[in-house]
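In case you want the letters, here they are:
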Amino acid sequence: VQLQASGGGLVQAGGSLRLSCAASGRTLTDSTMAWFRQAPGKGREFVGGISRSGGNIHYTDSVKGRFTISRDNAKNTVYLQMNSLKPDDTAVYYCALSSCYSVSVRRFDAYDYWGQGTLVTVSS
């Protein structure tokens, strides 16, 4: 299984970015997917996740109402739409796949596969 994350970049506060995570080697409808992020000097933080069925999506409190996770089954790709970005959102963003859990969980050790990370920098 390989996950290819893309879409990061530099954006001003209040702007938007869309991250993509393309999967190969496993169908996302059989997988639970999540986005994590790691800011400089901090631990890896759960951002949000989408269940195998696609019917259960949840987010960490700090991004609720600003970030949206979606999935395109035909492209086997999951997205993270980020709006109203803040400097505190600056981090390397990782997508992750769990083959065991049917819904997303916050524990990073629940995920078997990880993308390489894409850097998001939000300037004030």
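Check the entry above for the structure.
This structure is a prediction, so every number in the text was calculated from the model and none was measured.

What counts, and where the lines are drawn
Residues numbered from 1 in each chain as written. Predicted model: local features only at pLDDT ≥ 70, side-chain atom pairs only at ≥ 80, totals over all residues. Heavy atoms only, no water. Core = buried A, V, L, I, M, F, W, Y, C linked by side-chain atoms within 4.5 Å. Buried < 20%, exposed > 50% of the residue type's maximum accessible area, 1.4 Å probe, protein only. Helix = DSSP H or I, 4+ residues; strand = E, 2+ residues; numbered from the N terminus. Contact = heavy atoms within 4.5 Å. Salt bridge = Lys/Arg side-chain N within 4 Å of Asp/Glu carboxyl O. Pairing = 2+ DSSP bridges. Axes fitted to C-alpha atoms, helices over the stretch in contact; angles between N-to-C directions. Polar contact = N/O pair within 3.5 Å; in protein donor to acceptor, adjacent residues only side chain to side chain.

Draft legend 1. Representation of the nonpolar core within the structure. Formed by 26 residues in total, the largest nonpolar core has its most connected members in M33, W35, F67, V78, L80, M82 and Y93. Among the secondary structure elements, those contributing two or more residues to this core are β1 (2-6), β3 (17-24), β4 (32-38), β5 (44-50), β7 (67-72), β8 (77-82), β9 (91-98) and β11 (118-123). In this structure M33 touches L3, C21, L28, G48, G49, I50, V78, A96, L97 and S104, once residues within four positions along its chain are discounted. Counting seven residues, the second-largest nonpolar core is a separate cluster that includes A34, A96, V105 and A110.

Draft legend 2. Fine view of the pattern of salt bridges. In the structure shown here, the tally under the stated rule is five salt bridges. As a salt-bridge pair, E45 and R37 come within 2.8 Å of each other at their nearest N and O atoms. Residue class for E45 comes out partly exposed when judged on its relative accessible area of 32%. Here R37 falls in the buried class, since its relative accessible area comes to 6%. Across the pair D89 and R37 runs a salt bridge whose closest N-O atoms are separated by 2.9 Å. Of this pair, D89 sits in the loop between β8 and β9 while R37 is found in strand β4, placing the two residues 52 residues apart along the sequence.

Draft legend 3. Examining the side chain of S51 more closely. By the element assignment, S51 lies in the loop between β5 and β6 (57-59). Taking the relative accessible area as the measure of exposure, S51 reaches 1% and is therefore buried. Beyond its immediate chain neighbours, meaning those up to four positions away, S51 contacts S31, T32, N56, R71, S102 and V103.

Draft legend 4. Here's a closer look at the sheet that holds β3. The strand order β1-β3-β8-β7 describes an open sheet built from four strands, whose pairing is antiparallel. A strand with exactly one partner marks an edge of an open sheet, and here the two such strands are β1 and β7. With direction set aside, neighbouring strand axes in the sheet form an average angle of 15°.

Draft legend 5. Geometry of the side chain of R66. Here R66 shows up in the loop between β6 and β7. A residue is classified by how much of its surface remains accessible, and R66, at 10% relative accessible area, is buried. A distance of 2.8 Å separates polar atoms of two side chains, one belonging to R66 and the other to D89.

Draft legend 6. Here's a closer look at the pairing of β11. Covered by surrounding structure in β11 are T118, V120 and V122 only, the residues L119, T121 and S123 on the alternate face being uncovered. When strand β2 (residues 9-12) meets β11, the two strands line up parallel, connected through four bridges. Following the sheet pairing, L10 is matched in β11 by T121. As paired strands, β9 and β11 are joined by three bridges and run antiparallel to one another. Looking at the pairing, Y93 lines up with T118 of β11.

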